[in-house]
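In case you want the letters, here they are:
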Amino acid sequence: MAEINVMETIPEKMIIPLKQHKGDICEPLVSKGEVVKVGQKIGECPSDKCAAIHSSVCGEVVSVEESSHPSGNRINSVVIQPIEETECEDFTPFKDSGKEQLISAIKEAGIVENYGTPTHLVLNPPDCDIDTVLINATASEWVGHNYETPLEYASQMLDSLRLLMKAAGASRGVIVLRNDDKDSIDAFDGLDYEGKTIMVSPLIGKRRVDYYFNDQNTDIIVVSQDKIYGKNIFEYFTYNVTGRKVPFRCTPASAGVAICGVKSTKAIHDLVNTGMPYIETVVTVSGQVNNPQHLLVKIGTTFRDVIEACGGYSGEPAKLISNGVITGVAQYEEEVPVTKMTTSIIVQGKDEVLKDISKECIHCARCVDVCPVDLIPNRIAALANQGRFDECKQMHVENCIECGRCSSVCPSKIHIMQLLQYSKEAIAKAYEDMFEKESSNLKLGCACGSE
Ligand code: SF4
Ligand code: SF4
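All of these numbers come straight from a predicted model, not from anything done at the bench.

Definitions and limits used
Residues numbered from 1 in each chain as written. Chains lettered and ligands numbered in written order. Predicted model: local features only at pLDDT ≥ 70, side-chain atom pairs only at ≥ 80, totals over all residues. Heavy atoms only, no water. Pairing = 2+ DSSP bridges. Helix = DSSP H or I, 4+ residues; strand = E, 2+ residues; numbered from the N terminus. Near = heavy atom within 4 Å. Nonpolar A, V, L, I, M, F, W, Y, C, P; charged D, E, K, R; others polar. Axes fitted to C-alpha atoms, helices over the stretch in contact; angles between N-to-C directions. UniProt positions renumbered as here; feature names shortened; annotations may be inferred. Contact = heavy atoms within 4.5 Å. Buried < 20%, exposed > 50% of the residue type's maximum accessible area, 1.4 Å probe, protein only. Parallel < 35°, antiparallel > 145°, perpendicular 65-115°, else oblique. Arc of directions from axis to C-beta.

S.K.: How do you make sense of the sheet that holds strand 7 (residues 59–68) when you look at a structure like this?
M.R.: Read from one edge of the open sheet, four strands run 2-8-7-4, paired in antiparallel fashion. Unpaired on one side and paired on the other, strand 2 (14–17) and strand 4 (35–36) mark the two borders of the sheet. Pairing between strand 2 and strand 8 (residues 74–82): four bridges, direction antiparallel. Paired with Met14 across the strands is Ile80, a residue of strand 8.

Here it is, written out as structure tokens:
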């Protein structure tokens, strides 16, 4: 396992977007010329669908203007010129807080899941009651290095799960590890916690968490399963762990489940114990850089500064991608900031980019073999390419979890996942005004309007 390094150099410029989450953009609380401290709130939530924004450095506000954002859009951002001092806001810990106070503190601290939903909305969704909280630790082997020992990691995760359960008002909590993450499994297995011995139980066959809650007669359990890759894993993840089905176009909250990542869980632990808001994150830098690594960086640091901290480019860069080769977003420039949703930066060389030219499908069925939700990706992609979205729906395209495995194994380099995403978006759009269309003979047809 690789270790996490801390980016020590102070960048010349920080770009802190006022939107780093799904939902409404924050309103700026600072203006040009003001000096801000570490942790100072600089963006206020105009609604509940939002997470506050804080300065990650001490410095002078140079401007509040639209700047490049890793999503590809231009977003109103606070641009700060850092100074060497590290004067911090006075943080107040939130120990012994009740549910309402915790939810409000999580929102004010700006804690957001990797996939963009503000964590306070995951734990306290409108119109839904949560009874089970899941911490998805299947993708986070590196997080162990945020702690002195694996034991410290395991104990803190269990304490944090209690906090999440309290914030959500949930009666049950589950930590989900990855089957091959031996270090984490060893850290949890046999640990004494609240007078009971933790046993890591593999999710096998039809045994879901209900079985282990009953078997172990406890309200907190630790299970393990294979890693699930993808952007839209939540329905599949919820079903795999709890056996509950999430209806089409609904969130796991509709099944009484809240899913948090390890980063947000740690951020909540830090908030409760120190009062620290969400101002730094771990980014995995890989590809054509001299020193690929996991780096703890301050939110708002530009990709260019992160790459420089990794020793610069090792060859001629051709493509810069954030958040994964398959499911991520290619960047137009280096001067885009790391946000709360940034998990990785990948630099591709010319040769790698050229490999992406698509050819005809050779019907090898490799995409069918690797699909974790048993779709027929080549067939659905062909239908999507022809705009035959109603047939895509009949072939259950909405079950695609956007893991990208089909695209990555395709010898013809067909952009299968992107075609399925395109089809899902067209179907979702057609269903937006479903009731109106149902009464007028619903037809999905092609996005261009022809049938
Ligand atoms: S169709 Fe492709 S992207 Fe979708 S779940 Fe199957 S393998 Fe993953
Ligand atoms: S992997 Fe590619 S070439 Fe093979 S069947 Fe699927 S789409 Fe066709």
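S.K.: Where do I start with unusual backbone geometry in this structure?
M.R.: One non-glycine residue, Asn217, adopts positive backbone phi at about 50 degrees. Counting through the fold element by element, Asn217 comes out in the loop between helix 5 (209–216) and strand 14 (220–225). Phi is positive for Lys413, close to 55 degrees, though the residue is something other than glycine. Secondary-structure assignment places Lys413 in the loop between helix 13 (405–409) and helix 14 (416–432).

S.K.: What am I meant to see in the site of ligand 1 here?
M.R.: Of all residues adjacent to ligand 1, which total 13 residues, the nearest are Cys371, Cys400, Cys403, Gly404 and Cys406. Per-class residue counts for the shell around ligand 1 are 11 nonpolar, one polar and one charged.

S.K.: Help me understand the sheet that holds strand 1 (residues 4–6) in this model?
M.R.: Consider a sheet: its strands pair through backbone hydrogen bonds, and that pairing is either parallel or antiparallel. With respect to topology, six strands assemble into an open sheet ordered 1-17-16-20-18-19, the strand pairing being mixed. Each edge of the open sheet carries a strand with a single partner, namely strand 1 and strand 19 (329–331). In this sheet, neighbouring strand axes are inclined to one another by 30 degrees on average, regardless of whether the strands run parallel or antiparallel. Of the pairings in the sheet, the one linking strand 18 (residues 317–322) to strand 19 comprises three bridges and is antiparallel in character. The residue bridging Ser322 from the neighbouring strand is Val329, located in strand 19.

S.K.: Would you take a moment to explain the UniProt feature "binding site: [4Fe-4S] cluster 1" (unreviewed entry) in the protein chain for this structure?
M.R.: Taken from the UniProt record, the annotation "binding site: [4Fe-4S] cluster 1" (unreviewed entry) applies to Cys361, Cys364, Cys367 and Cys410. Taking the farthest pair of C-alpha atoms as the criterion, the annotated set spanning 50 residues converges on one region, since that pair is 10.7 Å apart. Not counting residues within four places of it along the chain, the set of residues in contact with Cys361 comprises Asn378, Ser412 and Ile414. For Cys367, the position within the fold is in helix 10 (residues 366–370). Residue class for Cys367 comes out buried when judged on its relative accessible area of 7%.

S.K.: I'm lost on the UniProt feature "binding site: [4Fe-4S] cluster 2" (unreviewed entry) in the protein chain in this one. Help?
M.R.: Within this numbering scheme, the UniProt entry marks Cys371, Cys400, Cys403 and Cys406 as carrying the feature "binding site: [4Fe-4S] cluster 2" (unreviewed entry). Maximum C-alpha separation among the annotated residues is 10.6 Å over a sequence range of 36 residues, consistent with a single clustered spot. Mapped onto the fold, Cys371 is located in the loop between helix 10 and helix 11 (377–385). Here Cys371 falls in the buried class, since its relative accessible area comes to 13%. Here Cys406 lies in helix 13. When near neighbours in sequence (up to four residues on either side) are disregarded, Cys406 contacts Cys367, Val370, Pro377, Ile416 and Met417.

S.K.: What exactly am I supposed to notice about the packing of helix 3 (residues 150–168) against helix 7 (residues 262–274) here?
M.R.: Helix packing for two helices is described by the angle between their axes and how far apart those axes are. Relative to each other, helix 3 and helix 7 sit at 80 degrees, their axes nearing to 9 Å. The orientation of helix 3 with respect to helix 7, classified from their angle, is roughly perpendicular. Between helix 3, through Gln156, Met157, Ser160, Leu163 and Leu164, and helix 7, the contact on the second element is made entirely by Val262, Thr265, Lys266, Ile268, His269 and Val272. Broken down by class, the residue content of the contact of helix 3 with helix 7 amounts to six nonpolar, four polar and one charged.

S.K.: Sorry, what's going on with helix 11 here?
M.R.: Each α-helix winds once per 3.6 residues, and so residues spaced three or four apart point in a common direction. Of the positions making up helix 11, those classed as buried are Pro377, Ile380, Ala381, Leu383 and Ala384. Viewed along the axis of helix 11, the buried residues span an arc of 160 degrees, placing them on a single side of the element. Following helix 11 by one or two positions, Gly387 has its phi on the positive side, about 75 degrees.

S.K.: Before we go on, may I ask you to explain the pairing of strand 5 (residues 41–44) in this structure?
M.R.: Looking along a regular strand, one sees side chains alternate from face to face of the sheet. Where strand 3 (residues 27–28) meets strand 5, two bridges bridge the pair, whose relative direction is antiparallel. Paired with Pro28 across the two strands is Gly43, which belongs to strand 5. Two strands pair when backbone bridges link them, and strand 5 and strand 6 (residues 53–54) are joined in this way by two bridges, in the antiparallel orientation. Across the sheet, the residue bridging to Lys41 is His54, located in strand 6.

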